[in-house]
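Coordinate analysis (summary)
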Amino acid sequence: MSRIGVFVCHCGENISRTVDVERVAAQVGKLPGVAFATDYKYMCSDPGQNLLKKAIIEQKLSHVVVAACSPRMHERTFRKAVESAGINPFLCEMANIREHCSWVHENREEATVKAIEIVGMMVERVKKNRVLPTITVPVTKRSLVIGGGIAGIQAALDIADCGHEVVLVEREPSIGGHMAQLSETFPTLDCSQCIMTPKMVDVANHPKIKLYSYSEIELVEGYIGNFQVTIRKKARSVDEDKCTGCGLCMEKCPIKKIPSKFDCNLGMRTAIYVPFPQAVPNTPVIDRENCTKFKTGKCGLCQKVCGPGAVDYEQEDRLIVEPVGAIVVATGFDLYTINEKPKGSMIKGYGEFGHGKIPDVIDGMTFERLASASGPTGGKILRPSDGKEPKQIVFIQCIGSRAREKGISYCSKVCCMYTAKHTMLYHHKVHDGQAYVFFMDARTPGKSYDEFWRRSIEEEEAVYIRGMVSRLYQKGDKIVVMGSDIAVGVQVEIEADMVVLATAIQPQKGADTLAQKLGISYDKYNFYSEAHAKLRPVECATAGIYLAGACQGPKDIPDTVSQASAAAAKVMTLFAKDQLEREPIVARVREAGCVGCFYCKKVCPYGAVEEKEIRDRQGNLIRVVAYVNPGVCGGCGTCQATCPSKSVELDGYTDEQIVAMIEAL
Amino acid sequence: MHSEKQKHSFEPKIIAFVCTWCTYAGADLAGTSRMQYPSNVRVLKFPCTGRIDPVFILKAFQQGADGVLVSGCHPGDCHYIAGNFHARRRFAAFRKLLEFVGVDLNRLQFSWVSAAEGGKWVEVVTDLTEKVRAMGPMAEFKQLALEEQWSGTIGTPELKEAYNAI
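Note that the structure is predicted; figures quoted are calculated from it, not measured.

**Observations regarding the overall build of chain A**
- A count of helical and extended segments in chain A gives 18 helices and 34 strands.
- Expressed along its principal axes, the backbone C-alpha trace of chain A runs to roughly 95 × 75 × 45 Å.
- Counting the 665 residues in chain A, one finds 55% classified as buried.
- Carbon and sulfur atoms make up 51% of the accessible area of chain A, which totals about 28500 Å².
- Of note, chain A has its 82 positive side-chain charges centred 3 Å away from the centre of its 79 negative side-chain charges.

Structural data, given as structure tokens:
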């Protein structure tokens, strides 16, 4: 028989004003199983908690119900107090008679009756509560960082500097990401390469960082603290250990006219290449699709000239398994290719802007490469079509972003600022040129951002026209841009030499496939979802996986770096303990009843349900039942409501407990 | 606001099954914002709407509930990734079943109330209470429960009296 103690709190006057607390305590005290009931002015205060502990010991209480505020407020407080008096914390429940009763009702009689019923309900529930042990799982103190852009680099360096090993996986042949492509960065106009490349070298030289470039995630298994990640190391055709990075192979390669992705197809590269001179690792990769040796079997020049003998045409993809305890996802963004409607996508294209058809209509990233000192033009702003300097340039903002009817409703966040930067860079390089910007709004929230934007207008003489462009067409060697200036209410026509489109930021291609491998959630645009928009912005709902950078939503560099460091801090918090403690609200399978239909496995959002084989002593398979891995289970209970044979139960929310509550009403 | 409260002849019993992350927090917010709503509702907390077995709704009606509210996070906001989607599907099918059995579906309401929607919680609870009040007590399931008891023990005084009269 249970000996339940009920403690009714006055909460100063917050509860006792509308609820007759003495009557509640007296009434509840009569319920079967209740051994002790009292009321006190402030249960959560020190004397209140002492009263509780003393009563537990003196009255030999087995269960406790505290009728006070919301369990979201003080459940932890009282469970701790109960634990220190020798009772399992999960034998203590709270009855919410403040937020759900005294504060929302005025009639004292009604509120008192309701409070008695609420407490009665919790008394019936607590009778069915079971002792739950704290669950501990071991932690592998290594972490995986997916993506080697600025977000991944920052997170990897932070974690590695703390002394924990990091496995950094990058899909491209070099780390650096989009930031390595940028010319200068707002709002300080410091050169992106100058602040990025030292960090890339730090990664390469860090004893705690294991870098897998030109590699992809193949498979992720396991759970928080204990992931097993299979990495596909794609065949580079060059032995990284032997290569000295002399670059002779690239000099001798006869295939020299392959458009460089890094230079947004403005520059050319060879078939054996490093994406850019400062690449990390500085090991070339053979583009097998374009290499003569792979196409026809002839050539082999790079192998002949390679002194250390690093070129290896026979190399194959390798699969490597790495055990890690935490994962930081930092896969970054891609720019919206607007010229056509992607197949099967909800997004409509922007064919009307002639991107991809008119050579001098380029996107923002291409402009970055034109303006970059290490770019294909050596930092001169030149038209891609004829190499002339454009004297009239038009920037159009919000291409793709903030257009619900075209499929993307969000703001890409960085375009207002980078367009302002572009007008400045343009003005610095083409002194007699004129920049025009078509914009909807200028969004400049950030330290020194608005000042920067104003400078582009006031000092760098950019002309901002509020309104959108309706049409673009080629006329001779000019591009006619037709738009409206809604501030003045007139139609505008500009004969431009070049047009730059601020296209929307989208998640990397394949972001959804990766999310499915990781078991994390993503929104309809494929941006990864954080666990809580405000209070858990870097954690995934899946335990042990953290987010950094633009894969979670459009972000500029300062925000990305902050989030990456935050994610690293979360990883370090996890690694601070050898054993991981977690709330024991997890599902458990009653194997005797389980028929092995595995509906639970289908509905489990965490992939926590496994198939367990039951064998007799000869080792013959008798049947297969479900098993819930307590380290992975999130505790939602969807499996329990789904189970047709009622063989899985969520500890803390069992059918018995719920039915007892309903029957108490 | 403080006008004389209207006396009703019938006070319905409303049971709310809510998820802990969104609607329970929303109801807490209604409390901290000192909003007022009828005292007829009793809240049962679940980790997720996905945990709510339709049997609980039947049980609630059987135990004398006149109206049942099920509420959780908005689609896409589930703390447990997808529990509310499972709940939505489950209850879409369950409503059909209830309708087939002959339960007035106005007694059973599903709404999404987020942790930030204290006002919506008040609205939903008030609306349901008034709607069910106008419909009167829900007797069908209670009678079923009584019939069940008849085959077993004699539970209520009315039945005892009837038994003694034989």
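So much for the structure itself; the text now carries on.
**Re the overall build of chain B**
- Each helix and strand in chain B was counted, giving six helices and four strands.
- N-terminal to C-terminal, the α/β element order of chain B is β-α-β-α-β-α-β-α-α-α.
- Burial status across chain B gives 51% buried among its 166 residues.
- Excluding contacts between residues fewer than 6 apart, the proportion of contacts in chain B whose partners are at least 24 apart in sequence is 78%.

**Here we look at the environment of Val 21 of chain A**
Residues and elements named next belong to chain A.
- Along the chain, the position of Val 21 falls in helix α1 (residues 21-29).
- On the basis of relative accessibility, which here comes to 2%, the residue Val 21 falls in the buried class.
- Considered as a pair, Val 21 and Ala 180 are 159 residues apart in the sequence and their alpha carbons are 66 Å apart.
- Val 21 has contacts with Val 8, Cys 9, His 10, Ile 15, Ser 16 and Asp 39, leaving out every residue within four places of it along the chain.

**Some points on the interface of chain A and chain B**
- With 42 residues of chain A in contact, the opposing surface of chain B contributes 44 residues.
- Applying the counting criterion to the chain A and chain B interface returns five salt bridges.
- Two residues, Asp 655 of chain A and Arg 51 of chain B, come together in a salt bridge whose shortest N-O distance is 2.8 Å.
- Linking chain A to chain B there are 19 residue pairs in polar contact (both at pLDDT 80 or more).
- Broken down by element, the side of chain A that touches chain B gets its largest block of residues, six residues, from helix α18 (residues 655-663) of chain A.
- Each residue belonging to the side of chain A that touches chain B can be placed in one class, and the counts come to 17 nonpolar, 15 polar and 10 charged.

**Describing empty space enclosed by the protein**
All names here are of chain A.
- Enumeration over the complete set of coordinates arrives at eight cavities of 30 Å³ or more.
- Quantified by volume, the largest cavity comes out at close to 110 Å³.
- Taken together, 15 residues make up the lining of the largest cavity; nearest its centre are Cys 243, Cys 246, Cys 249, Pro 284 and Cys 306.
- When the residues that make up the lining of the largest cavity are grouped by side-chain class, the tally is 12 nonpolar, three polar and no charged.

**Remarks on the nonpolar core**
- Of all hydrophobic cores here, the largest spans 200 residues; its most connected members are Leu 52, Val 119, Phe 367 and Val 499 of chain A together with Phe 17 and Leu 44 of chain B.
- Beyond its immediate sequence surroundings of up to four residues, Leu 52 of chain A is in contact with Phe 7, Met 43, Val 64, Val 66, Phe 78, Ala 81 and Val 82 of chain A.
- Listed in part, the 24 residues of the second largest apolar core include Tyr 212, Ala 511, Leu 518 and Cys 540 of chain A.

**Structural notes on the packing of aromatic side chains**
Residue and element names in this part refer to chain A.
- With the rule as written, the count across this model stands at 14 aromatic pairs over all chains.
- Ring centres 5.4 Å apart and planes at 85° place the aromatic pair Phe 186 and Tyr 449 in the edge-to-face group. In this pair, Phe 186 is assigned in the loop between β8 (184-185) and β9 (190-191) and Tyr 449 in helix α13 (residues 449-458), connecting sequence segments 263 residues apart. Tyr 449 matches Phe 186 in its accessibility class, with the two residues each being buried.

**With respect to the sheet that holds strand β11 (residues 215-223) of chain A**
Residue and element names in this part refer to chain A.
- Strands sit in the order β11-β12-β17 across an open sheet of three strands; the sheet is antiparallel. Only two strands of the sheet have a single partner each, and these edge strands are β11 and β17 (318-324). Ignoring strand direction, the axes of neighbouring strands in this sheet form an average angle of 20°.
- Across eight bridges, β11 lies against strand β12 (residues 226-233) in antiparallel orientation. Bridge assignment links Gly 222 to a residue of β12, and that residue is Phe 227.

**Overview of the sheet that holds strand β4 (residues 108-112) of chain B**
All names here are of chain B.
- A sheet is described by the order of its strands in space; here four strands give the open sequence β2-β1-β3-β4, paired in parallel fashion. A single partner strand is all that each edge strand has here, and the edge strands are β2 (41-46) and β4. Strand-to-strand twist in this sheet, taken as the mean axis angle between neighbours without regard to direction, amounts to 20°.
- The pairing of strand β1 (residues 14-19) with β2 spans six bridges and is classified as parallel. Counterpart to Ile 14 in the pairing with β2 is Val 41.

**A look at the pattern of salt bridges**
- Going through the model one piece at a time under the given rule, you end up with 50 salt bridges over all chains.
- One salt-bridge network, held together by shared partners, links Asp 360, Arg 383, Asp 386, Lys 388, Asp 477, Lys 478 and Asp 497 of chain A.

**Structural notes on the state of the cysteines**
Residues and elements named next belong to chain A.
- Enumeration over the complete set of coordinates arrives at two disulfides over all chains.
- Note on cysteine connectivity: Cys 191 is disulfide-linked to Cys 194, with sulfurs 2.4 Å apart. Judged by the sign of its S-S torsion, about 95°, the cystine formed by Cys 191 and Cys 194 is right-handed.
- Residue classification places Cys 194 among the exposed positions, given a relative accessible area of 51%.

**Quick notes on the domain arrangement of chain A**
- Taken domain by domain, chain A consists of domain 1 (4-127), domain 2 (141-226 + 317-332 + 543-581), domain 3 (235-313), domain 4 (333-506) and domain 5 (587-664).
- Distance from the C-alpha centre of domain 1 of chain A to the C-alpha centre of domain 2 of chain A: 48 Å.

**What to know about the environment of Asp 127 of chain B**
- Along the chain, Asp 127 of chain B turns up in helix α4 (residues 118-135).
- Each C-alpha atom, one on Asp 127 of chain B and one on Cys 22 of chain B, is 19 Å from the other, the two residues being 105 residues apart in sequence.

**Description of the packing of helix α6 (residues 150-161) of chain A against helix α15 (residues 557-575) of chain A**
All names here are of chain A.
- Interhelical geometry of α6 versus α15 gives an angle of 35° and a closest axis separation of 8 Å. For α6 against α15, the interelement crossing comes out right-handed. Of the residues in α15, those in contact with Ile 150, Ala 151, Gln 154, Ala 155, Asp 158 and Ile 159 of α6 are Thr 560, Val 561, Ala 564, Ser 565, Ala 568, Val 571 and Met 572.
- When grouped by side-chain class, the residues that make up the contact of α6 with α15 number nine nonpolar, three polar and one charged.

**Let's talk about the side chain of Ser 183 of chain A**
- Here Ser 183 of chain A is to be found in the loop between β7 (165-169) and β8.
- Every residue in contact with Ser 183 of chain A, bar those within four places of it in the chain, is listed here: Cys 191, Ser 192, Glu 368, Ala 371, Ser 372 and Leu 425 of chain A.

**Some thoughts on α4 of chain B**
Residues and elements named next belong to chain B.
- Along its 18 residues, α4 runs 26 Å from first to last C-alpha, staying within 8% of the 26 Å computed at 1.5 Å per residue.
- When we look at burial in α4, the residues that qualify are Gly 118, Trp 121, Val 122, Val 124, Val 125, Leu 128, Thr 129, Val 132 and Arg 133. Along α4, the residues classed as buried sweep out an arc of 165° about the axis, all on the same side. Among the exposed residues of α4, those oriented more than 90 degrees off its buried face are Glu 123 and Ala 134.
- Buried residues along α4 sit in contact with β1, α1 (23-32), β2, β3 (67-72) and β4.
- Trailing α4 by a residue or two, Gly 136 shows a phi angle of about 90°, which is positive.

**With respect to unusual backbone geometry**
All names here are of chain A.
- Geometrically, the link from Phe 186 to Pro 187 is a cis peptide bond, its omega value of -5° lying close to zero.
- Within the fold, Pro 187 resides in the loop between β8 and β9.
- Non-glycine residue Asn 265 carries a positive phi angle of around 65°.
- Tracing the backbone through its elements, the reader meets Asn 265 in the loop between β13 (258-259) and β14 (268-269).
- On the basis of relative accessible area, Asn 265 is assigned to the exposed category, the value being 52%.

What counts, and at which threshold
- Sequence order as written defines residue numbering, which begins from 1 separately in each chain.
- As they are written, the chains are lettered A onward and the ligands numbered 1 onward, keeping that order.
- Since the coordinates come from a predicted model, pLDDT governs what is reported: local features require at least 70, and pairs of side-chain atoms require 80 or more to be given and counted, while whole-chain, interface and lining totals use all residues.
- The basis for every side-chain value is the complete set of heavy atoms in the structure, and neither hydrogens nor water enter the calculation.
- Going along the chain from the N terminus, every DSSP run of H or I of four or more residues is numbered as a helix, and every run of E of two or more is numbered as a strand.
- The rule is simple: take the accessible area with a 1.4 Å probe, protein chains only, and divide by the maximum for that residue type; under 20% is buried, over 50% is exposed, in between is partly exposed.
- The method behind every accessible area is Shrake-Rupley, applied with a 1.4 Å probe, and residues are considered shielded solely by the protein chains displayed.
- In this tally Asp and Glu are treated as negative and Lys and Arg as positive; neither His nor the chain ends contributes.
- Charge positions come from single atoms, namely NZ of Lys, CZ of Arg, CG of Asp or CD of Glu.
- Residues count as neighbours in contact if any of their non-hydrogen atoms are within 4.5 Å of one another.
- One speaks of a salt bridge when a side-chain nitrogen belonging to Lys or Arg is within 4 Å of a carboxyl oxygen belonging to Asp or Glu.
- A 3.5 Å cut-off defines polar contacts: any pair of N or O atoms within that distance qualifies, except that in protein one atom must be a possible hydrogen donor and the other a possible acceptor, and neighbouring residues in sequence count only when both atoms are side-chain atoms.
- Each residue is assigned to one class: nonpolar for Ala, Val, Leu, Ile, Met, Phe, Trp, Tyr, Cys and Pro, charged for Asp, Glu, Lys and Arg, and polar for all the others, Gly among them.
- Here a cavity means grid points, on a 1 Å grid over the protein atoms only, where a 1.4 Å probe fits yet cannot get out; a pocket means an open set of points with protein on both sides within 12 Å along at least five of seven lines; lining residues are those with an atom within 4 Å of a point.
- Grid points are joined across faces, edges and corners, and a volume is the space filled by probe spheres set on the points.
- To qualify as a nonpolar core, a set must consist of buried Ala, Val, Leu, Ile, Met, Phe, Trp, Tyr and Cys residues joined through side-chain atoms within 4.5 Å.
- Working definition: rings of Phe, Tyr and Trp (its six-membered ring) pair if their centres are within 6.5 Å, and the pair is stacked with planes under 30 degrees apart, edge-to-face with planes over 60 apart, and tilted otherwise.
- Should DSSP find at least two bridges between two strands, the strands are regarded as paired.
- Throughout, an axis means a line fitted to C-alpha atoms (over the contacting stretch in the case of helices), and angles, computed between N-to-C directions, take values from 0 to 180 degrees.
- Only a pair of cysteine sulfur atoms within 2.5 Å qualifies as a disulfide here.
- By convention here, the domain bounds are inherited from an automatic or database domain assignment.
- Note on convention: near helix rotated counterclockwise from far helix by under a right angle means a left-handed crossing. Clockwise means right-handed.
- Given a helix with a known number of residues, its expected span is that number minus one, times 1.5 Å.
- Read the arc as the range of directions from the helix axis to the C-beta atoms.

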